[in-house]
Amino acid sequence: MPVGIFRVCLVVITAIVNQPLLFPDENVTVPENTEEIIQKMKEREESLRLEQLRLEQEIADQEAAQKALEKAAEVVEESKEEKVRWDMWTALSMVIFLLIELWRQDFQEGNWQDTGGEEDDMAVLGKAFKGVVFPDKAVLASFYEKRILGTTGDMARMREMVEGFADDLLEALRSVCNRDADMEVEDCMGVGSMYENWRVRKPFVCDLIVPFAPPEPYCFRSQTWCSGDSFPPDEQGYGTIKVCRADEDVTGCICDKTKLGEDMLCLLHSQANTNRPSSEMEDLLCFKNTQYLDADQVMKWFQIAVTKAWNRISHKYEFDLSFSLLDSPGALKIKFRSGKSIAFNLTPVVQYENSDIYFISHFPRSSLAGDVPSSTHWFLTFAVYERRFIQLVSKMLPPNACHVSCLQILSFLHGKQCSLTGPSGLTNYHLKTVMMHLLQARASQDWAPEKLEARLQDMLKLLEKCLHEKKLYHFFIGNGRVPAELGFPIIFQRAEPLNLFRPFVLHRDVYRKTVDTFHEMLRNMSALINEYTVHVPLAHTNGIHKESL
């Protein structure tokens, strides 16, 4: 039985194996769509490969993003630590800055211009000062009475004559000017040594300044080096004056400070306002293609106007009037038929806001001063406040105080020395600045008339110290101790101090010549004073010494 079942299974298996549908013959024809199937399989394979690449790229991107997040977390953590350290350094820097600023203000207020003290000896001032023999009180008093005191009356008469003529000339000038188009000229003011009563050297020259303003509807808007914008060091002490319409406000707009493109338009200022005809601005004495007042144009206009005014009133006077100096356009000279002459300066100025500080078109220059940056830069003069300060302090000093006498003697000696050895970088303005610093530093009783010798030595010692350090600060700029009675603008008190001796750093030859001239003046001081001093008996000298004791 099992053998039969085995045989049946063997037959079935043999039939299945020999089935022709399962194993076709070799010469059977290949279906026609085989190539198409192969092509589809290749395409499928390619798509699978691309998909694999895409998945690999996504995995790489995810890994990169993960690393970036981890790195960012590390940076944030480090930045937090760095910020803590930076905040500490910032706080420490601010504390140091505040301490420095407080020290600087204390230095400016307490040691504005280091004037030295009575304990300073001459040894610290140089070898030339040690050998100087100062004239005694009697000789100085005799010299002052003989050489200087007699000029006071001459100055008063000359001031009265010049002021009267200048007022008449300016009134004629107003009559010849076009009130609708020309500048409006105000009354003149006397400034300088002639009006502070310390001028000693002849010829006497009166300095008069003439404020002027633009015609309506225009006005002046000024900007100084301490207004906030940065000015180069050589432009400190200067400012610019812009001619604007009275109803124009450009203080907060950048269209005048930035060059706009051709396709840009300022919405605050129309094209008509910003681009005025150049001829209109030139009529207003502005620099070409700008709105800034040109000092050269102003002086040309002023000279022409003065000439017209003189032609109108010349028949009333028995003298001639002419411009005397080419380098000082406001210098005028009166020539009498007798051959005598009187010189004076009549210079147009522009008022700074509502103060008594003025922009002056041309200022007497010395060998120390450099060239003016441009004709649109105007020098600021504080002459009116200087005159007021001297008058205010004089009221607080003892009768016949010696401060003016010291300045007159020093000015005389320096002028005489310059006439012998040639000009130097020192000017009378520097000498007056030294005196004003000492007036503020010393008590009023120190300026009693019998202390003339001591105060003259103080001025010479301070002047040599300033020359040695090449540092003499302007009295008003940066001086926080200016008397409140003067009403001096606070913006200049808070400004950085202006060193009048800064050009000495740049001009070493002028500095050397100035120091040599100063030391030569010290050595020649006794000889120069004795030359103009009447002999003083010894008994009289001893009597004066006893009185001073």
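Residues numbered from 1 in each chain as written. Predicted model: local features only at pLDDT ≥ 70, side-chain atom pairs only at ≥ 80, totals over all residues. Heavy atoms only, no water.

So, on to the overall build of the protein. Secondary structure assignment for the protein yields 17 helices and 10 strands. Going through the 549 residues of the protein one by one, you find that 40% of them count as buried. Pairs at least 24 residues apart make up 72% of the contacts formed inside the protein by residues separated by at least 6 positions. When the accessible surface of the protein is totalled, it reaches about 32500 Å², and 56% of it is carbon and sulfur. (Helix = DSSP H or I, 4+ residues; strand = E, 2+ residues; numbered from the N terminus. Buried < 20%, exposed > 50% of the residue type's maximum accessible area, 1.4 Å probe, protein only. Contact = heavy atoms within 4.5 Å. Areas by Shrake-Rupley, 256 points an atom, 1.4 Å probe, with all protein chains shown as cover.)

For Pro 233, the location among the structural elements is in the loop between β4 (218-224) and β5 (238-245). Residue class for Pro 233 comes out partly exposed when judged on its relative accessible area of 45%. Note: C-alpha distance between Pro 233 and Arg 502 (269 residues apart in sequence) is 9.4 Å.

Most of β5 sits out of view: 7 of its 8 residues are buried. Of the strand pairs in this sheet, β4 and β5 are connected by 7 bridges, and their pairing is antiparallel. Bridging across to β5, Gln 223 finds its partner in Thr 240. Sheet topology places β5 next to strand β10 (residues 378-381); 2 bridges connect them, and they run antiparallel. In the sheet register, Tyr 238 faces β10, and the bridge partner there is Phe 379. (Pairing = 2+ DSSP bridges.)

Let's shift gears to a nonpolar patch on the surface. Together, Leu 92, Ile 96 and Ile 100 make up an exposed nonpolar region whose accessible area comes to about 260 Å². When you line up the elements, Ile 96 lands in helix α2 (residues 34-110). (Patch = residues over 30% accessible without salt bridge, like charges linked within 9 Å, V, L, I, M, F, W, Y side chains within 5 Å. Salt bridge = Lys/Arg side-chain N within 4 Å of Asp/Glu carboxyl O.)

A general tendency of soluble globular proteins is for nonpolar side chains to be buried together. Residues Leu 169, Leu 293, Phe 344 and Leu 346 are the most contacted members of the largest nonpolar core, which totals 117 residues. With residues up to four places along the chain from it excluded, the contact list for Leu 169 reads Val 306, Ala 309, Trp 310, Ile 313, Leu 321, Leu 332 and Leu 346. Val 191, Ile 209, Tyr 358 and Val 384 belong to the second largest nonpolar core, which has 7 residues in total. (Core = buried A, V, L, I, M, F, W, Y, C linked by side-chain atoms within 4.5 Å.)

Moving on: the pattern of salt bridges. Evaluation of the coordinates by the stated rule reveals 17 salt bridges. Across the pair Arg 174 and Glu 171 runs a salt bridge, and its minimum N-O distance is 3.0 Å. Taken together, the positions of Arg 174 and Glu 171, both in helix α5 (residues 151-176) and 3 residues apart, correspond to about one turn of that helix. For Glu 469, the salt bridge is made with Lys 465, and the minimal N-O distance between the two is 3.0 Å. Taken together, the residues Glu 469 and Lys 465, both in helix α13 (residues 452-469) and 4 residues apart, mark about one turn of the helix.

Topologically, Thr 347 is positioned in strand β8 (residues 341-351). In this structure Thr 347 comes out as buried when scored by relative accessible area, which is 10%. The contacts of Thr 347, once residues within four sequence positions are left out, are Leu 208, Ile 209, Val 210, Ile 360, Ser 361 and His 362.

What follows concerns the side chain of Thr 224. You can see Thr 224 is positioned in strand β4. With a relative accessible area of 0%, Thr 224 lands in the buried category. With sequence-adjacent residues up to four places away left out, Thr 224 is seen in contact with Phe 231, Tyr 238, Gly 239, Tyr 352, Phe 359, Leu 380 and Phe 492.

Looking now at the packing of α5 against helix α9 (residues 295-313). For the pair α5 and α9, the least separation of the axes is 8 Å and the interaxial angle reads 105°. What the angle tells us is that α5 and α9 run roughly perpendicular. Contact with α5, carried on its side by Phe 165, Asp 168, Leu 169, Ala 172, Leu 173, Ser 175 and Val 176, involves Phe 302, Ala 305, Val 306, Lys 308, Ala 309, Trp 310, Arg 312 and Ile 313 of α9 and no other residues of that element. (Axes fitted to C-alpha atoms, helices over the stretch in contact; angles between N-to-C directions. Parallel < 35°, antiparallel > 145°, perpendicular 65-115°, else oblique.)

Next up on the list: the environment of Leu 500. Within the element layout of this structure, Leu 500 appears in the loop between α14 (490-493) and α15 (502-506). The exposure class assigned to Leu 500 is buried, which follows from its relative accessible area of 15%. Between the C-alpha atoms of Leu 500 and Thr 433, which are 67 residues apart in sequence, the distance is 9.5 Å.

Close contact between helix α11 (residues 403-421) and helix α16 (residues 508-531) brings their axes to 9 Å; oriented N to C, the two are set at 110°. On the basis of the axis angle, α11 is roughly perpendicular to α16. When the axes of α11 and α16 are compared, the crossing they make is right-handed. From α11, Leu 410, Leu 413, His 414, Lys 416, Gln 417, Cys 418, Leu 420 and Thr 421 reach across to α16, where they touch Lys 513, Thr 517, Glu 520, Met 521, Asn 524, Met 525, Leu 528 and Ile 529. When grouped by side-chain class, the residues that make up the contact of α11 with α16 number 8 nonpolar, 5 polar and 3 charged. (Left-handed = near helix turned anticlockwise from the far one by under 90°. Nonpolar A, V, L, I, M, F, W, Y, C, P; charged D, E, K, R; others polar.)

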